Amino acid sequence: MDKIFVLGAGAMAESFIKGVSQDPDFAVDHIYVINRHRPERLVELQRVYGVTPASSMEEARGANVIVLTVKPYDVRAALRELLPYLDGQIIISFAAGIPISFMEEITERRAHVIRTMPNVPVAVLEGAIAMAVGESVDAKSVDVAKRLLEKLGIVVELAEELMDAATAFSGSGPGFVSYFLEAMEDAAVGLGFSAEMARQLLIQTVVGTAKVLEEWGLSPAELKARVTSPNGTTHAGLTVLADRGMGEAIAHALVEAKRRSKEMGEQFTKES
Ligand SMILES: NC(=O)c1ccc[n+]([C@@H]2O[C@H](COP(=O)([O-])OP(=O)(O)OC[C@H]3O[C@@H](n4cnc5c(N)ncnc54)[C@H](OP(=O)(O)O)[C@@H]3O)[C@@H](O)[C@H]2O)c1
């Protein structure tokens, strides 16, 4: 990998840079970063990670990979500015809801587009990243993109039709899980725990449960069955959750989030 051009210098750009900069085989100063208004932000990224602030979009020329980390409503303008410098690069887009076909059209098919949906844990390199690949992207380019994105977490390649579902599931997932955890924590404080104690037990319960699922290779249903003895405490609590329709509420939440993802994508790609 010779050169990466990161378009946008916000939270997602920083997560990407952080992940890739941990690879000792990669020369971090070969990552060029650009934004619009805040040169001091580029200087900060240079100081912390050793990347190179780009002076103009022209620096995208000669990059193997362009990482698009602007907000969805800025994608059209950013790609138009980039267009004169496109010549077969791979574009890895982080922009939620923006279809591959839209980006291919704006870039006049002068680049090979990969669309991703990351989630917030990429910031600590524990992300879940859904990735869909445009038709013009060859297997080698897919490998290059995967290798880079795997520095930020796990990467699951899927058909683009599933991207709105991925946005609802792994994209919004940290919000849904946090909603459940907030209720658990409030309830724990209600039972007499100090806030600090509740937080400690809460986080370790989640991390421990996730690790057990992963290391033992169990499904959530299997683990639930293992920890639930007939008429025991877990059984008593789960009965309340089932009676109050928690499973159904979660299913509805994902359907609604998916619908909203689709709607937002349509809004952003409408000609203004
Ligand atoms: N944050 C998340 O948790 C998350 C999760 C999933 C997906 N995403 C996606 O990731 C993308 C980035 O999100 P973010 O939170 O990192 O956004 P952000 O912090 O607002 O950063 C956006 C960056 O894009 C730059 N930018 C916008 N238009 C530009 C242009 N024409 N030329 C150069 N730079 C330009 C901005 O520069 P200035 O500051 O100079 O204007 C800013 O540095 C979004 O599309 C979002 O949908 C984010």
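Above this text is the structure in question.
What counts as what
Residues numbered from 1 in each chain as written. Predicted model: local features only at pLDDT ≥ 70, side-chain atom pairs only at ≥ 80, totals over all residues. Heavy atoms only, no water. Helix = DSSP H or I, 4+ residues; strand = E, 2+ residues; numbered from the N terminus. Expected span 1.5 Å × (residues − 1). Buried < 20%, exposed > 50% of the residue type's maximum accessible area, 1.4 Å probe, protein only. Contact = heavy atoms within 4.5 Å. Near = heavy atom within 4 Å. Polar contact = N/O pair within 3.5 Å; in protein donor to acceptor, adjacent residues only side chain to side chain. Areas by Shrake-Rupley, 256 points an atom, 1.4 Å probe, with all protein chains shown as cover. 1 Å grid on protein atoms, 1.4 Å probe; cavity = no way out; pocket = protein on both sides within 12 Å on 5 of 7 lines; lining within 4 Å. Sits in = over half its atoms within 2 Å of the grid points. Phe/Tyr/Trp six-rings, centres within 6.5 Å; stacked < 30°, edge-to-face > 60°. Points joined across faces, edges and corners; volume = space filled by probe spheres on them. Nonpolar A, V, L, I, M, F, W, Y, C, P; charged D, E, K, R; others polar. Domains from an automatic or database assignment.

What to know about helix 11 (residues 246-269)
And step 1. Over its 24 residues, helix 11 runs 35 Å from end to end, which matches the ideal 34 Å to within 8%, given 1.5 Å per residue.
And step 2. Considered for burial, the residues of helix 11 that qualify are Ala 257, Ser 261 and Gly 265.
And step 3. Elements in contact with the buried residues of helix 11: helix 6 (163-171) and helix 7 (173-190).

Brief notes about the site of the ligand
And step 1. Taken together, 24 residues are adjacent to the ligand, and Ala 9, Met 12, Arg 36, His 37 and Val 70 come closest.
And step 2. Here a nitrogen atom of the ligand and a side-chain polar atom of Glu 81 are 3.2 Å apart.
And step 3. Calculation on the ligand without its partners gives an accessible area of 910 Å², and the protein chains cover 83% of this total.
And step 4. According to the grid-proximity analysis, the pocket containing the ligand is the second largest pocket.

Describing the packing of aromatic side chains
And step 1. Applying the stated rule across the entire model yields two aromatic pairs.
And step 2. Here the aromatic rings of Phe 16 and Phe 94 are separated by 6.4 Å at their centres, their planes lie at 75°, and the arrangement is edge-to-face. Of this pair, Phe 16 sits in helix 1 (residues 11-21) while Phe 94 sits in the loop between strand 5 (90-93) and helix 4 (100-106); the two residues are 78 residues apart in sequence, bridging distant segments of the chain.
And step 3. Classification of Phe 16 as buried rests on a relative accessible area of 0%.
And step 4. Consider the rings of Tyr 73 and Phe 268, whose centres lie 6.3 Å apart with planes at 55°: the pair is tilted. With Tyr 73 in the loop between strand 4 (65-68) and helix 3 (75-82) and Phe 268 in helix 11, the pair connects residues that are 195 residues apart, well separated along the chain.
And step 5. The class for Phe 268 is partly exposed, based on a relative accessible area of 22%.

Focus on the side chain of Arg 115
And step 1. Among the secondary structure elements, Arg 115 is positioned in strand 6 (residues 112-117).
And step 2. On the basis of relative accessibility, which here comes to 5%, the residue Arg 115 falls in the buried class.
And step 3. A distance of 2.8 Å separates the side chain of Arg 115 from the side chain of Glu 160, its partner in a polar contact.
And step 4. Each residue touching Arg 115, except ones within four places of it in the same chain, is listed here: Ser 93, Gly 97, Ile 98, Pro 99, Ile 100, Met 103, Ala 130, Met 131, Ala 132, Glu 160, Met 163 and Asp 164.

A few points about the layout of surface pockets
And step 1. Reported here for the second largest pocket is a volume of approximately 1000 Å³.
And step 2. Forming the walls of the second largest pocket are 39 residues, and the residues nearest its centre are Met 12, Thr 69, Val 70, Lys 71 and Pro 72.
And step 3. Counting only elements with at least two residues in the lining of the second largest pocket, the list comes to helix 1, helix 3, helix 6 and helix 11.
And step 4. Per-element accounting of the lining of the second largest pocket gives the leading share, seven residues, to helix 11.
And step 5. For the lining of the second largest pocket, the per-class residue count stands at 20 nonpolar, twelve polar and seven charged.
And step 6. When residues of the lining of the second largest pocket are assigned to domains, at least three map to each of domain 1 (4-163) and domain 2 (171-265).

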